[in-house]
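Observations on the model geometry
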Amino acid sequence: DAGNNIDPSPLIGDDQSYHTSLSIISGNERGFPKKGSISSDNNVDTDPLGVPSPPTWRRPISSARTYFTELSGFFSWKFLSWLAIDQCFISGGSLALVTTLSLPLFKELGIGAARKQLYMSMILSPFAMKPFIGVASDLFPIRGYNKKYFALYSILIGLLGCSVLLGLYHSGATEMAVIQGEDASQRLADIIVICFTAVVYEAAALDILGEGKYAELMRNHPESGSSIISFKFGWAMLGSLVTTIFVGPLSDAGYFHVLFWITLVLSLMPFYPTLAGWIPERLRTFQEPGMVKLCKGCLYDQGSFQEKKMPFVVITLCGLSAPLLAAVTTYADLAIGLVSAAVLLITFLVATYYIFPRTFFRVFLGIVIACLSRLSIGSALGYYYTASEECVPNGPNFSYTYYVTVTGIVGSVVNFSAVILYQNFLSNWRFRPVLIVTIVIGSLASIVDLIIIMRWNVAIGIPDLVLFLLGNAVFENCVMTLQAIPFSAIFAKMAPPGMESAVFAYTVGIANFCGMVSSILGSGVIRWSGMVTVGDTCDFKALPTLIVIFRMMVPMLVGIPAIFLVPNVLQTEYLIDWEEEGWSQANSDVVQSSEHGNEEDGLKEDSRLEPHLL
């Protein structure tokens with residue numbers, strides 16, 4: 001899935017071709033481009049730094065065709081098709097369906113907002129498992145392939161989760177649990193959470209396997225910018241748009257079993273493309289240096305592990321800690337979970353400091369702080385907006401058709417528009433200003449929630465339906481996408497040569513781990529604030545205060561300073577110059593000194609790996 005040409009410019013632009021490749025990038029002998037050293041064809045207009053000038057949005061059809069043509073220069077059409085199917089049917093389909101369905105499903109079972117938020121941390125924990133999945137796929141080729149069979153097994157796990165859900169709902173277990181009382185409902189909810197986690201595991205595994213492949217190519221071709229990220233987000237948003245059309249009405253009607261059948265079909269969609277080998281990878285054999293045969297059909301890349309033992313160990317522990325933390329917090333004690341989370345984060349930071357270069361550590365620390373700065377109280381907001389008239393008199397009292405479907409459709413259209421907006425106007429910005437602007441706008445977007453909860457809009461005659469649609473569905477969804485694209489590009493550009501899948505998984509996994517910790521903290525805040533979110537005597541008096549503190553003030557006071565830890569480079573430049581950091585020189589001596597010992601053990605040095613890696 002490699003090529004020579006790609007347009008690092010917006011999705012919607014002129015139909016002018018760009019032919020910038022690594023062969024015409026001026027850099028040092030290791031291939032790291034120096035700032036302002038990118039040259040181009042003589043037929044292409046360039047800015048003073050030599051970077052092709054961004055096209056405009058005046059010719060959407062022809063420029064979109066050019067975008068996809070040049071995108072295929074780096075990524076084969078089979079891989080792009082596989083990525084589109086995964087993002088549309090899994091990330092935008094089954095994953096979006098499970099996450100949106102959780103609100104009406106848990107409310108029907110009488111689960112409160114604080115408990116529901118803990119459940120969501122468990123359900124989404126597979127995304128924090130990405131480091132473990134990435135390391136396992138790198139070290140243990142199955143039948144000669146690093147990604148193919150890990151992807152197939154994850155699809156089977158997702159199908160198993162859907163099958164159990166269908167069995168529960170067709171057996172009438174939900175009706176019996178509601179009749180039997182709170183304890184029975186919570187036991188059923190615990191089982192549903194495990195099934196949802198299996199569905200999300202499929203999405204997380206396929207996501208990281210695809211990300212590892214395009215991260216490898218983005219590192220080799222930094223001039224590609226964020227084009228593949230925009231492609232990925234675009235298909236995910238298309239799937240989400242279609243999914244939200246039917247989730248709301250079917251939830252209002254109580255047809256949860258129909259939604260589970262749809263989830264089953266969506267989970268099956270990537271099976272054939274994956275089985276047919278649309279993820280490009282070469283066949284591995286046990287004759288390769290450092291490769292050991294564990295059993296029939298399973299190999300172990302001992303050479304890679306020996307050369308990069310410490311990073312692999314830390315990355316694996318990071319991935320395994322996420323589901324364990326979620327399980328302890330959800331099913332044991334919240335306080336123990338929070339203490340464990342703090343200890344784990346400090347451990348990962350210390351390990352990262354000693355293993356990776358200082359620039360990597362600074363970016364890593366900035367990601368951790370930025371992700372923790374926006375504490376999640378989304379469950380409380382969802383319960384407030386969809387509360388009944390008895391629960392919140394004269395409140396918004398939104399139906400699921402409006403809250404999930406109508407606003408979801410508008411939000412998906414806005415998200416897709418945000419991708420185009422980003423590619424046209426923000427893709428050529430430096431990382432710092434892009435992230436700072438989106439944090440500020442995102443914090444201010446919470447003013448809409450504050451206005452509705454305080455009922456100020458009703459006092460001036462603006463209906464809840466109108467203000468929420470124009471504010472939350474449009475404003476917050478747009479900002480969410482504008483933040484996600486540059487962060488995804490940073491994760492991809494942090495991956496060192498030879499460890500793309502594992503390190504990409506580590507950074508993304510840590511970000512998801514921090515998001516999980518944020519959700520757990522939010523659950524504690526909701527519980528400790530005294531809010532009552534279910535029943536006929538609800539109490540949401542503390543919600544406005546929580547919005548001001550945790551969704552407006554903390555992100556700007558904590559998140560913005562953290563962004564200054566990220567190098568202020570263009571998105572088409574290398575984020576980390578591994579040679580300039582002294583990474584290769586410092587570690588090549590270690591590898592050379594251990595080469596003789598490896599040969600005595602019957603292992604030859606793996607020539608496929610960069611010698612400067614641990």
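In this text the structure is predicted, and so the values were computed from the model without any measurement.

**Thoughts on the overall build of the protein**
Broken down by element type, the protein carries 24 helices and 4 strands. Here the protein, with 614 residues, has 59% of them falling under the buried criterion. Pairs at least 24 residues apart make up 82% of the contacts formed inside the protein by residues separated by at least 6 positions. Total accessible area on the protein is roughly 24000 Å²; 64% of this is exposed by carbon and sulfur atoms.

**What to know about the state of the cysteines**
Within the structure shown, the criterion is met by 1 disulfide. Here cysteine 391 connects covalently by a disulfide to cysteine 538, the sulfurs 1.7 Å from one another. Between cysteine 391 and cysteine 538, the S-S torsion sits near -115°, and that sign places the bridge as left-handed. With cysteine 391 in the loop between helix 16 (378–385) and helix 17 (400–426) and cysteine 538 in the loop between helix 22 (500–528) and helix 23 (543–563), this pair connects stretches of sequence that are 147 residues apart. Side by side, cysteine 391 and cysteine 538 carry an identical accessibility label, which is buried. This cysteine, cysteine 298, is not joined by any disulfide, and cysteine 295 carries the nearest cysteine sulfur, 4.7 Å off. Accessibility expressed as a relative area gives 18% for cysteine 298, which makes it buried. The structure places no disulfide on cysteine 514, whose sulfur is separated from the nearest cysteine sulfur, that of cysteine 371, by 5.4 Å.

**Focus on the packing of aromatic side chains**
All chains considered together, the criterion is met by 25 aromatic pairs. Taking 6.5 Å as the distance between ring centres and 45° as the angle between the ring planes, the aromatic pair formed by tyrosine 149 and tyrosine 153 counts as tilted. Here the residue tyrosine 149 and the residue tyrosine 153 both occupy positions in helix 6 (residues 148–170), the gap between them amounting to 4 residues, near one helical turn. The class of tyrosine 149 is buried, set by a relative accessible area of 12%. Using a relative accessible area of 42% as the deciding quantity, one classes tyrosine 153 as partly exposed. Ring centres of tyrosine 384 and tyrosine 385 lie 5.6 Å apart, and the angle between their planes is 70°; on these two criteria the pair is classed as edge-to-face. For tyrosine 384, a relative accessible area of 4% puts it in the buried group. Taken together, the ring pairs in this structure connect Tyr384, Tyr385, Phe398, Tyr402, Tyr403, Phe468 and Phe540 into an aromatic cluster. The ring of tyrosine 145 has lysine 148 sitting right over it, with the charged end atom 5.4 Å from the ring centre. Taking NZ or CZ as reference, arginine 358 lies 3.9 Å from the ring centre of tyrosine 353, over its face.

**Comments concerning the pairing of strand 3 (residues 291–295)**
Here strand 3 pairs with strand 4 (residues 298–301) via 4 bridges, running antiparallel. When the sheet's bridge partners are listed, valine 292 is paired in strand 4 with tyrosine 300. Counting the residues that bridge the hairpin from strand 3 to strand 4 gives 2 residues, and of these glycine 297 lies at a positive phi of roughly 90°.

**Here we look at the pattern of salt bridges**
Applying the stated criterion to the full structure yields 9 salt bridges. The salt bridge partner of glutamate 288 is arginine 282, with a shortest N-O separation of 3.1 Å. Glutamate 288 gets classed as buried once you look at its relative accessible area, which sits at 11%. On the basis of relative accessible area, arginine 282 is assigned to the partly exposed category, the value being 45%. Among the salt bridges present, the one from aspartate 464 reaches arginine 455, with a minimum N-O distance of 2.7 Å. A relative accessible area of 21% means that arginine 455 is categorised as partly exposed. One network of salt bridges, with partners in common, ties together Lys130, Asp207, Glu211 and Lys232.

**Points about the nonpolar core**
Counting residues in each nonpolar core, the largest one holds 167 residues, and the members touching the most others are Ile192 and Leu543. Ranked by residues supplied to this core, first place goes to helix 8 (residues 182–220) with 18 residues. Leave out the neighbours within four places in its chain, and isoleucine 192 touches Leu105, Phe106, Leu109, Leu165, Leu168 and Tyr169.

**Comments concerning the confidence of the model for the protein**
With 81% of its residues at a pLDDT of at least 70, the protein reaches an overall mean of 77. Helix 11 (residues 271–275) holds the highest mean pLDDT among the elements of the protein, 94, whereas strand 1 (residues 25–27) holds the lowest, 28. Below pLDDT 50 for its whole length, residues 1–57 participates in 147 contacts with residues either more than four positions away or in separate chains.

**Points about a nonpolar patch on the surface**
Together, Ile460, Ile462, Leu465, Val466 and Leu470 make up a nonpolar patch on the protein surface, roughly 460 Å² of accessible area in all. Here isoleucine 462 lies in the loop between helix 20 (456–459) and helix 21 (464–493). What makes isoleucine 462 partly exposed here is its relative accessible area of 31%.

**Thoughts on unusual backbone geometry**
Look at arginine 143: it is not a glycine, yet its phi comes out positive at around 55°. Within the fold, arginine 143 resides in the loop between helix 5 (130–139) and helix 6. Positioned with a positive phi, asparagine 397 is a non-glycine residue whose angle comes to about 50°. Among the secondary structure elements, asparagine 397 is positioned in the loop between helix 16 and helix 17. Judged by relative accessible area, asparagine 397 falls into the partly exposed class, the value being 26%.

**Topic: the environment of cysteine 298**
By secondary structure assignment, the location of cysteine 298 is in strand 4. In this structure, the C-alpha to C-alpha distance between cysteine 298 and proline 141, residues 157 residues apart in sequence, is 6.0 Å. When sequence neighbours within four positions are dropped, the list of residues in contact with cysteine 298 reads Pro141 and Lys293.

**So, the packing of helix 18 (residues 431–445) against helix 23**
Axis separation between helix 18 and helix 23 bottoms out at 9 Å; the angle between their running directions is 175°. Taken together, helix 18 and helix 23 sit at an angle that is classed as roughly antiparallel. Contacts between helix 18 and helix 23 involve Arg432, Leu435, Ile436, Ile439, Val440 and Ser443 on the former and, on the latter, Arg551, Met552, Pro555, Met556, Gly559, Ile560 and Ile563.

**Overview of the environment of arginine 432**
Along the chain, arginine 432 turns up in helix 18. Assessed through its relative accessible area of 23%, arginine 432 is described here as partly exposed. Along the backbone, arginine 432 and leucine 565 are 133 residues apart, and their C-alpha atoms lie at a distance of 8.9 Å. Look past the residues within four positions of arginine 432 in its chain and what remains in contact with it is Ile563, Phe564, Val566, Pro567 and Asn568.

**Some thoughts on helix 2 (residues 77–108)**
Spanning 32 residues, helix 2 covers 44 Å between terminal C-alpha atoms, matching the ideal 46 Å at 1.5 Å per step. Remark: the principal bend of helix 2, roughly 40°, maps to serine 102, with a proline, proline 104, within the next four residues. For helix 2, the buried fraction is high: 24 of the 32 residues fall into the buried class. Among the residues trailing helix 2, glycine 110 stands out with phi positive, at a value near 80°.

Reading the values: rules and limits
Residues numbered from 1 in each chain as written. Predicted model: local features only at pLDDT ≥ 70, side-chain atom pairs only at ≥ 80, totals over all residues. Heavy atoms only, no water. Helix = DSSP H or I, 4+ residues; strand = E, 2+ residues; numbered from the N terminus. Buried < 20%, exposed > 50% of the residue type's maximum accessible area, 1.4 Å probe, protein only. Contact = heavy atoms within 4.5 Å. Areas by Shrake-Rupley, 256 points an atom, 1.4 Å probe, with all protein chains shown as cover. Disulfide = S-S within 2.5 Å. Phe/Tyr/Trp six-rings, centres within 6.5 Å; stacked < 30°, edge-to-face > 60°. Lys NZ or Arg CZ within 6 Å of the ring centre and 35° of its normal. Pairing = 2+ DSSP bridges. Salt bridge = Lys/Arg side-chain N within 4 Å of Asp/Glu carboxyl O. Core = buried A, V, L, I, M, F, W, Y, C linked by side-chain atoms within 4.5 Å. pLDDT = per-residue confidence, 0-100. Patch = residues over 30% accessible without salt bridge, like charges linked within 9 Å, V, L, I, M, F, W, Y side chains within 5 Å. Axes fitted to C-alpha atoms, helices over the stretch in contact; angles between N-to-C directions. Parallel < 35°, antiparallel > 145°, perpendicular 65-115°, else oblique. Expected span 1.5 Å × (residues − 1). Bend = angle between axes of the 7 residues up to and from the residue.

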